[in-house]
Amino acid sequence: MEGPVPDLTEHAAACADHLRDADRVLLASHIDADGLTSAGIASTALERAEIPFETVFCRQLDERAIADIAATDYDTVLFTDFGSGQLDIIAEHEAAGDFHPVIADHHQPADGVETEHHLNPLRFGLDGATELSGAGASYVLARALEPDGGDNRDLAALAVVGAVGDMQDTNGTLTGANEGIVEEGVAAGVVEEGTDLRIYGRQTRALPKLLQYATDVRIPGISNNEAGAIEFLTELDVPCRDDDGEWKRWVDLTGDQRQTLASALIRRAIASGVPARRIDDLVGTTYVLSEEQEGTELRDVSEFSTLLNATARYDRGDVGLAVCLGDRDRALDRARGLLRNHRKNLSNGLQWVKEHGLTVEENLQWFDAGDEIRETIVGIVAGMAVGTDATRNGIPVLAFAENEDGDVKVSSRGSYVMVRNGLDLSVVMREASRAVGGDGGGHNVAAGATIPNGTVEEFIAEADRIVGEQLA
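Residues numbered from 1 in each chain as written. Predicted model: local features only at pLDDT ≥ 70, side-chain atom pairs only at ≥ 80, totals over all residues. Heavy atoms only, no water.

Looking at an unreviewed UniProt entry, one finds the protein chain named Recombinase RecJ and attributed to Haloferax profundi.

This is how it looks when you write it as structure tokens:
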């Protein structure tokens, strides 16, 4: 079997062979959408291969978390969507005989150390920030784990959710190794790839709310303007309300009606002076999960990923995993409740940033939310702030928040333009955090760290120095 990512096929087979030889496996995964879909893919593949396993989630895979894993009586541990950046710590436990690691990850590996069963696109010349997510690496492993006569291609749906949740479609479409996974999902009948309006909420939001909250491409008079959005829709020759007078959703419109609305939106953007490159972002490649009910959060991969983020980030990884595994009753209801709370917290968090502002250093900008923003979502808030009026263009955003252990969580967000200019936040977070007694890592465009309380100023100075060297 060649697999969806040929460069990884041989090594994925070796990793799968080791898992088959294990009496049982501890599956450890991250808590974001990519981590939850990674866990969903891996757990389904292990179950189909009849390999006994248990699943745990970790907010941060640091020295303490790895020590807790080592204290269990599992001889084999499968890490998904993290582990690469902590290879140095993991390798120490492996050398001590605590466990044998199998890693399916896409983050920047720790320098100067390696382990035998480490499935990471970066080891094979592929970009882990844009070409393959943690869920993608887990999917490659799942394909290698197929029993005789088995077919795990249906798990491509979760892999696409993970990739989009990890913002790997930022340039308008999934590229690189992700394309092979999309193709397998389409062939398996679980993914539909098309061209449509690229605005969040096409499945669930009423049209005025869809346009009002469509702020990735800001259209004056419509974005953040409910009355303006309603006026725009009312003037169109499109029936935007149903027979009961309720606003329709995008998914309720016919193909011709969508085309009319999208064309009018583009004309409005042009007339309002929105730059052409931003207008191009309004329409692009979209991904729909064919087997999910139309009009639900699970049908559109972006909405699915947001739903998952609303679970484990609030200590309910069990709920998110259950949804990934197909529970459409109690788990989905619980996830929707968590999603409502998550949206409120994100809105409040972004408002807090706008009210308190950011401190601008020479090469970066930052805000310290303390306990005002939950540490599991402060990175999302930082990402939402990038490119808004609250931030300065051209330099990364760092966000700080207290964690439950009394340490400080750091999240950093940049842009792919900054990355092209030399920015690598995984290096910034790792080196700056270790300089103050913490640890961190991630991707070039987004990364995180945990540092001791009282070291924020020293950390900022070191991070500012490193970013300056990278962008020089």
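Asker: With reference to specific residues and values, describe a negative patch on the surface.
Answerer: A grouping of D242, D243, D244 and E246 is seen on the molecular surface, where their side chains present a negatively charged patch. Position of D242 relative to the elements: it lies in the loop between α9 (226-234) and α10 (255-271). (Patch = residues over 30% accessible without salt bridge, like charges linked within 9 Å, V, L, I, M, F, W, Y side chains within 5 Å. Areas by Shrake-Rupley, 256 points an atom, 1.4 Å probe, with all protein chains shown as cover. Salt bridge = Lys/Arg side-chain N within 4 Å of Asp/Glu carboxyl O. Lys, Arg positive; Asp, Glu negative; His and termini not counted. Charge placed at Lys NZ, Arg CZ, Asp CG, Glu CD. Helix = DSSP H or I, 4+ residues; strand = E, 2+ residues; numbered from the N terminus.)

Asker: Report on the UniProt feature "domain: DHH-CID" (unreviewed entry) in the protein chain, specifying residues and quantitative values.
Answerer: UniProt annotation of "domain: DHH-CID" (unreviewed entry) refers to residues 199-283 when read in the numbering used here. Span residues 199-283 is 42% helix and 1% strand, its end C-alpha atoms 8 Å apart. (UniProt positions renumbered as here; feature names shortened; annotations may be inferred.)

Asker: Before we move on, can you summarise the domain arrangement of the protein chain with the specific residues and values?
Answerer: Entries for the protein chain in the domain assignment read domain 1 (6-186), domain 2 (197-347) and domain 3 (357-471). Put simply, the middle of domain 2 and the middle of domain 3, counted by C-alpha atoms, are 29 Å apart. Across the contact, eight residues belong to domain 2 and seven residues belong to domain 3. Between domain 2 and domain 3, roughly 680 Å² of surface is buried when both sides are summed, and carbon and sulfur atoms account for 60% of that area. The tally of links between domain 2 and domain 3 comes to one salt bridge. (Domains from an automatic or database assignment. Contact = heavy atoms within 4.5 Å. Buried area = accessible area lost by both parts, 1.4 Å probe.)

Asker: Which residues make up the packing of aromatic side chains, and what are the values?
Answerer: The tally for this structure, following the rule as stated, stands at five aromatic pairs. Ring geometry for W352 versus F367: centroids 6.2 Å apart, planes at 55°, classification tilted. Here the residue W352 occupies a position in helix α14 (residues 330-356), and F367 occupies one in strand β9 (residues 365-368), the gap between them amounting to 15 residues. Both residues of the pair, W352 and F367, belong to the buried class. With a centroid separation of 6.0 Å and 90° between ring planes, the pair formed by W366 and F400 is classed as edge-to-face. You can see W366 sitting in strand β9 and its partner F400 sitting in strand β10 (residues 397-402), a full 34 residues away along the chain. Considered together, W366 and F400 belong to a single accessibility category, that of buried residues. Taken together, the aromatic side chains of F79, F82 and F99 make up a single cluster linked through ring pairs. Lying across the ring of Y74, R24 places its NZ or CZ 4.1 Å from the centre. A cation over a ring is seen here: R241 above W247, with NZ or CZ 3.9 Å from the ring centre. (Phe/Tyr/Trp six-rings, centres within 6.5 Å; stacked < 30°, edge-to-face > 60°. Buried < 20%, exposed > 50% of the residue type's maximum accessible area, 1.4 Å probe, protein only. Lys NZ or Arg CZ within 6 Å of the ring centre and 35° of its normal.)

Asker: Could you give an account of the UniProt feature "domain: DHHA1" (unreviewed entry) in the protein chain, naming the residues involved and the relevant values?
Answerer: The feature "domain: DHHA1" (unreviewed entry), as annotated in UniProt, sits at residues 381-468 in this numbering. Measuring from the first to the last C-alpha atom of residues 381-468 gives 24 Å, for a span that is 39% helix and 25% strand.

Asker: Help me get a handle on the packing of helix α2 (residues 33-48) against helix α12 (residues 301-312), residues and values and all.
Answerer: The interhelical angle for the contact between α2 and α12, taken along N-to-C directions, is 90°, at an axis separation of 8 Å. Of the possible angle classes, the one that applies to α2 and α12 is roughly perpendicular. Counted together, A33, L36 and T37 of α2 and S305, L308, N309, T311 and A312 of α12 form the full contact between these two elements. Here the contact of α2 with α12 is composed, by residue class, of four nonpolar, four polar and no charged. (Axes fitted to C-alpha atoms, helices over the stretch in contact; angles between N-to-C directions. Parallel < 35°, antiparallel > 145°, perpendicular 65-115°, else oblique. Nonpolar A, V, L, I, M, F, W, Y, C, P; charged D, E, K, R; others polar.)

Asker: Quick rundown of the state of the cysteines? Include the residues and the values.
Answerer: Here the structure, examined in full by the defined rule, presents zero disulfides. For the unlinked cysteine C15, the closest cysteine sulfur is that of C58, found at 19 Å. Judged by its relative accessible area of 0%, C15 falls in the buried class. (Disulfide = S-S within 2.5 Å.)

Asker: Help me get a handle on the nonpolar core, residues and values and all.
Answerer: Ranked by size, the top nonpolar core spans 81 residues in total, and within it L19, L78, L141, V160, F367 and I373 carry the most contacts. Broken down by element, this core gets its largest block of residues, nine residues, from α14. With 25 residues, the next largest nonpolar core counts I219, L233, W250 and L265 among its residues. (Core = buried A, V, L, I, M, F, W, Y, C linked by side-chain atoms within 4.5 Å.)

Asker: Before we move on, could you go through the pattern of salt bridges and cite the residues and values that matter?
Answerer: One pass over the structure, following the stated rule, counts 26 salt bridges. Across the pair R59 and D315 runs a salt bridge, and its minimum N-O distance is 2.8 Å. Pair noted here: R59 is in the loop between β2 (53-57) and α3 (63-70) and D315 is in the loop between α12 and α13 (317-324), with a separation of 256 residues, a long-range link. We classify R59 as partly exposed; its relative accessible area is 22%. Between R64 and D405 there is a salt bridge, and its shortest N-O distance comes to 3.2 Å. Of this pair, R64 sits in helix α3 while D405 sits in the loop between β10 and β11 (408-413), and the two are 341 residues apart along the sequence. Using a relative accessible area of 47% as the deciding quantity, one classes D405 as partly exposed.

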